[in-house]
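# A closer look at the structure
Each chain, letter by letter, is given below.
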Amino acid sequence: MITLLCTGVLVASGIVTMLRPIVIYPSITPASDVLGTDQAEFIFPFEDARYRLRMPVDAAVYTGARDGSKSAILYREIPDDEWIPAYYLAFIDDPHQEALYTGLLSAFSGIRDENSLDSDRYLEMITAFVQSIPYEDHPGGAPPKFPVETVAERTGDCDDKSLLLAALLSRAGYDVALLNFIENSHMGVGIAADTGTYGSTGYAFIETTDYNFVGVVPDNLANGVRLTGEPQVIRVGNGAGCYTARAETAYIMEQSGAARVVIDTFALNLSERQADLKKTGASITSEKETIEKLLMAGDIAGFTARIQGYNNRVETYNLAVAEYAADSRRYDRAVETYNYIAGHRYDRKGTFAWLLSSSSAV
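In this report, the structure presented in the accompanying data block is examined. Since the structure is predicted, the reported quantities are computational estimates derived from the model, not experimental observations.

### Here we look at the overall build of the protein
Along the protein, the regular secondary structure elements total nine helices and 11 strands. By the compact-globule yardstick of 21 Å for 362 residues, the protein is too spread out, its C-alpha radius of gyration being 30 Å. When the backbone C-alpha atoms are referred to their principal axes, the protein occupies close to 120 × 50 × 35 Å. Every one of the 362 residues in the protein was classed for burial, and the buried ones make up 44%. Carbon and sulfur atoms form 52% of the exposed surface of the protein, whose accessible area is close to 17900 Å².

Structural data, given as structure tokens:
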């Protein structure tokens, strides 16, 4: 994820002489020969609407970010937990990007005010915007992009999109951090939350590579990796805003998990039972015809000998049909619930309300 360049330390008469900074981090030098702005257009869903956003991007800043060095140059040994956070923060906090952040947040605040979004929904809306940016896997070892590049190019991988989201949320006043899973080569965003935080980080996890609810950790990432262990926590900004709807997202995922269990339990089972019921029903119909023929022929003894067993089998069959119908309805409801949740991961408020309706919960 990081390209690292190191040089030696110049020592004279036993004293370290500082001829240069200890570390040089990536920064943006706007291109002097590039003028104007480019328009980056986005269409993203949030709750029950879709929004179109056009954002002007300073072409000189974008070109300087794209073409500049993205290496951290270390001139002496520095612990990883010191230089790695500063390295990522350099991508977020370069002052040439502040106008971009201000423009995006101005657009977002307009949507917030128009829809009377509370703090949780405002955070979710900004998150849905970043999640909507198409994911593009980069070769192993490729450095991250500056957020201005992610906006201008309208693609990014996990660290690119996480840097952009953390930059926006921190400037919107939230207590936010980058969650750097070094062993898994993955990065997410953390938001201070009242409950349901990831491990001992103190932050609820936000996945940026695809739509997902705040606080939900995907079972598998785009590259098939499962998150393990504690991430490196890199605080971004000094905001104090926290997320208070984590209990609702937890309930949503409990319902999704319960629906998945029902689906896995009944999918094959119902198919087999349907085949058995069809076979049994055909047998009972054939037996009924035989018994009716005995009665019509006046064979009362034969009719009497078989009618009780026939009625018992019909009763058992009808109970099995009723149980099958009930389980089929449960299965259908589980499929509906699972698919609804999966298809509305940008609408926590609406999904929670839908699940609370009498016909929706599993």
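### Focus on the sheet that holds strand β10 (residues 203-206)
The strand order across the open sheet built from four strands is β10-β9-β8-β11, with neighbouring strands paired in antiparallel fashion. A strand with exactly one partner marks an edge of an open sheet, and here the two such strands are β10 and β11 (232-236). Mean inter-strand twist for the sheet, computed between neighbouring axes without regard to direction, equals 35°. Of the pairings in the sheet, the one linking strand β8 (residues 176-181) to β11 comprises five bridges and is antiparallel in character. Paired with V176 across the two strands is V236, which belongs to β11. In the packing of helix α2 (residues 80-93) onto the sheet, contacts are made with β8, β9 (186-192) and β11, and the angle to β11 comes to roughly 40°.

### Notes on the pattern of salt bridges
Working definition: two side chains of opposite charge can pair if their charged atoms are close together. Under the defined criterion, the tally for this structure stands at 16 salt bridges. Linking R121 and E47 is a salt bridge whose minimum nitrogen-to-oxygen distance equals 2.7 Å. You can see R121 sitting in helix α4 (residues 119-132) and its partner E47 sitting in the loop between β5 (37-46) and β6 (49-58), a full 74 residues away along the chain. Looking at E47, the relative accessible area reads 13%, which means it is buried.

### Description of helix α9 (residues 348-356)
Of the residues making up α9, those classed as buried are R348, T351, F352, W354 and L355. For α9, the angular spread of the buried residues around the axis is 160°, confining them to a single face. Next to the buried residues of α9 lie α4, α7 (246-296) and α8 (300-343).

### A closer look at α8
Taking 1.5 Å per residue as the helical rise, α8 with its 44 residues ought to reach 64 Å, and the 62 Å between its terminal C-alpha atoms agrees with that figure. By the largest-angle criterion, I307 marks the main kink of α8, which is about 30°. Here α8 has its buried residues at G302, Y310, Y324, D327, S328, A334, T337, Y340 and I341.

### Quick look at the pairing of β5
Taken together, the 10 bridges between β5 and β6 define a ladder with antiparallel strand orientation. From the neighbouring strand, I43 faces β6, where its bridge partner is R52. What sits between β5 and β6 in their antiparallel hairpin is a turn of two residues, with E47 showing a positive phi close to 55°.

### Let's talk about the packing of α2 against helix α6 (residues 158-171)
Direction vectors running N to C along α2 and α6 enclose 70°, while the axes themselves pass 9 Å from each other. With respect to α6, the element α2 is oriented roughly perpendicular. Like other packed secondary-structure pairs, α2 and α6 cross with a definite hand, here right-handed. For the pair formed by α2 and α6, the contact residues are Y88, F91, I92 and D93 on the first element and L163, A166, A167 and R171 on the second.

### Considering the environment of A275
Tracing the backbone shows A275 in helix α7. A residue is classified by how much of its surface remains accessible, and A275, at 46% relative accessible area, is partly exposed. For the pair A275 and S116, spaced 159 residues apart in the sequence, the C-alpha separation amounts to 53 Å.

Rules used in this analysis
- Residues numbered from 1 in each chain as written.
- Predicted model: local features only at pLDDT ≥ 70, side-chain atom pairs only at ≥ 80, totals over all residues.
- Heavy atoms only, no water.
- Helix = DSSP H or I, 4+ residues; strand = E, 2+ residues; numbered from the N terminus.
- Rg over C-alpha atoms; globule rule 2.2 N^0.38 Å.
- Buried < 20%, exposed > 50% of the residue type's maximum accessible area, 1.4 Å probe, protein only.
- Areas by Shrake-Rupley, 256 points an atom, 1.4 Å probe, with all protein chains shown as cover.
- Pairing = 2+ DSSP bridges.
- Axes fitted to C-alpha atoms, helices over the stretch in contact; angles between N-to-C directions.
- Contact = heavy atoms within 4.5 Å.
- Salt bridge = Lys/Arg side-chain N within 4 Å of Asp/Glu carboxyl O.
- Arc of directions from axis to C-beta.
- Expected span 1.5 Å × (residues − 1).
- Bend = angle between axes of the 7 residues up to and from the residue.
- Parallel < 35°, antiparallel > 145°, perpendicular 65-115°, else oblique.
- Left-handed = near helix turned anticlockwise from the far one by under 90°.

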